[in-house]
Structures are given as C-alpha cells and as structure tokens.
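# An overview of the molecular structure
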Amino acid sequence: MTLQQAKPPLPSADKRWKLVNATMRRNGYAGHALIETLHSVQDAFGFLDEISLRFVAASLDLPLSKVFGVATFYHIFMLKPKGRHTCVVCTGTACYIKGAGELLDGIQARYEVAPGETTQDDRLSVLSARCVGACGLAPAAVLDGDVLGKQTSDTLIAKLEELD
Ligand code: FES
C-alpha cells in the first residue's frame, strides 16, 4: 500500500471549498477527476482563478500546466473576469425558488450586464453559480468573496452601489 500524500489545506474558510473538496474526495483525489473538479469550482464560484487552479493541481497531484491547459481549452470554463469587483449570484435550486432571477434582473436593469459580463468601466463583473453553499440564506450572492444572504434586488444593488 502506498502512503497517501498529504492534501493541501483549503485556500480559505470560504465554505465553497468544501464543495470542491468533496468532489475530489469522492473521486479518491484521482487525476481523472480533473474536469469534474473544475466544474465543481465553477459551479460554486462562477469562475476559475489562479488560486483555485493551484489548489486543484496540488490536491490531485497534477502539474499546474496541465490544469491550466484543461481550464483554458474547454470554452465551458470561465476564467476569472476582469472587473475590479465580482458579484456571483447563486442560481441553484434553493436560490432560484427564492428569487435569484429578480436579483439578476435588477442587476441587468441597473448596470446592463448579464452573468458572464463586465460593466463597460470594468468596475463590476457579474456571474452566476449553481450553489454557493449557503442554501439556508437563499437567495444568496457572493460579492468579492463575502456571502450576502437573503437578498432582494434592492439590498443587493445598494451593496453594489457602495463599491468604489
Ligand atoms: S442554491 Fe444557492 S446557495 Fe445553494
């Protein structure tokens, strides 16, 4: 029996890493789980960034170049958008039922951006994710890494207006 290599610590206390880690664990941290794992990162965060790619590479014991290669090869994967701020609106089932659509409509009406787009002044990128791990707080959004629970389009836009 070979000794299991120690796995890297989760990049932060953000609960979404647990969702990603669960996907890798379910697959025994095997390299063939790469695409499924990248999907789970995108489902939870709305995009892939360098931190997540490094974490996945170290956890699955794959070269970073391979992970970057796969992430950039498949157009279904979205790399971190260019806005100075990033707002991920959860459109998972619990949030959808509680009004995620209204949040996106409100953002669209105010800033003229749909998920996957960035405002013309590069101030804000908007994304959607399938579950950000805060279903009890539905509808939820994650603004620059902070989970905002029980949002209405008014409360969310008020937060977005405060951004520099
Ligand atoms: S469905 Fe939105 S946090 Fe889970």
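Residues numbered from 1 in each chain as written. Predicted model: local features only at pLDDT ≥ 70, side-chain atom pairs only at ≥ 80, totals over all residues. Heavy atoms only, no water.

### Focus on the UniProt feature "binding site: [2Fe-2S] cluster" (unreviewed entry) in the chain
According to UniProt, the feature "binding site: [2Fe-2S] cluster" (unreviewed entry) maps to C90, C95, C131 and C135 in the numbering used here. The largest pairwise C-alpha distance within this set of annotated residues, which runs over 46 residues, is 9.2 Å, so the set is compact in three dimensions. With respect to the helices and strands, the residue C90 is situated in strand β1 (residues 85–90). Those residues in contact with C90 that sit more than four places away from it in its chain are C95, A100, A129, R130, C131, V132, A140 and A141. Looking at the secondary structure, you find C131 in the loop between β3 (124–129) and β4 (141–143). Overall, C131 belongs to the partly exposed group, its relative accessible area being 27%. Sequence-distant contacts of C131, that is, excluding residues within four places in its chain, are made with L19, D43, A44 and C90. (UniProt positions renumbered as here; feature names shortened; annotations may be inferred. Helix = DSSP H or I, 4+ residues; strand = E, 2+ residues; numbered from the N terminus. Contact = heavy atoms within 4.5 Å. Buried < 20%, exposed > 50% of the residue type's maximum accessible area, 1.4 Å probe, protein only.)

### Quick word on helix α1 (residues 16–26)
All buried positions along α1 are accounted for by R16, W17, V20, N21, T23 and M24. All buried residues of α1 project into a common sector of 155° when viewed along the axis, lining one side. For α1, exposure combined with an orientation more than 90 degrees from the buried face picks out K18, R25 and R26. In the core, the buried residues of α1 are packed alongside α2 (34–45), α3 (50–60) and β4. Of the residues trailing α1, G28 is marked for its positive phi of about 60°. (Arc of directions from axis to C-beta.)

### Comments concerning the domain arrangement of the chain
For the chain, the assigned domains are domain 1 (16–73) and domain 2 (85–162). Between the C-alpha centres of domain 1 and domain 2 the distance comes to 24 Å. Tallying the contact residues gives 8 residues for domain 1 and 11 residues for domain 2. Taken together, the two surfaces of domain 1 and domain 2 that pack against each other cover about 640 Å², and 55% of this comes from carbon and sulfur. Run the count over domain 1 and domain 2 and you get 1 salt bridge. R130 is the partner of D43 in a salt bridge, and the nearest nitrogen-oxygen pair spans 2.6 Å. Taken together, domain 1 and domain 2 are joined by 2 residue pairs in polar contact (both at pLDDT 80 or more). Sorting the residues of the side of domain 1 that touches domain 2 by element identifies α1 and α2 as the ones contributing at least two each. (Domains from an automatic or database assignment. Buried area = accessible area lost by both parts, 1.4 Å probe. Salt bridge = Lys/Arg side-chain N within 4 Å of Asp/Glu carboxyl O. Polar contact = N/O pair within 3.5 Å; in protein donor to acceptor, adjacent residues only side chain to side chain.)

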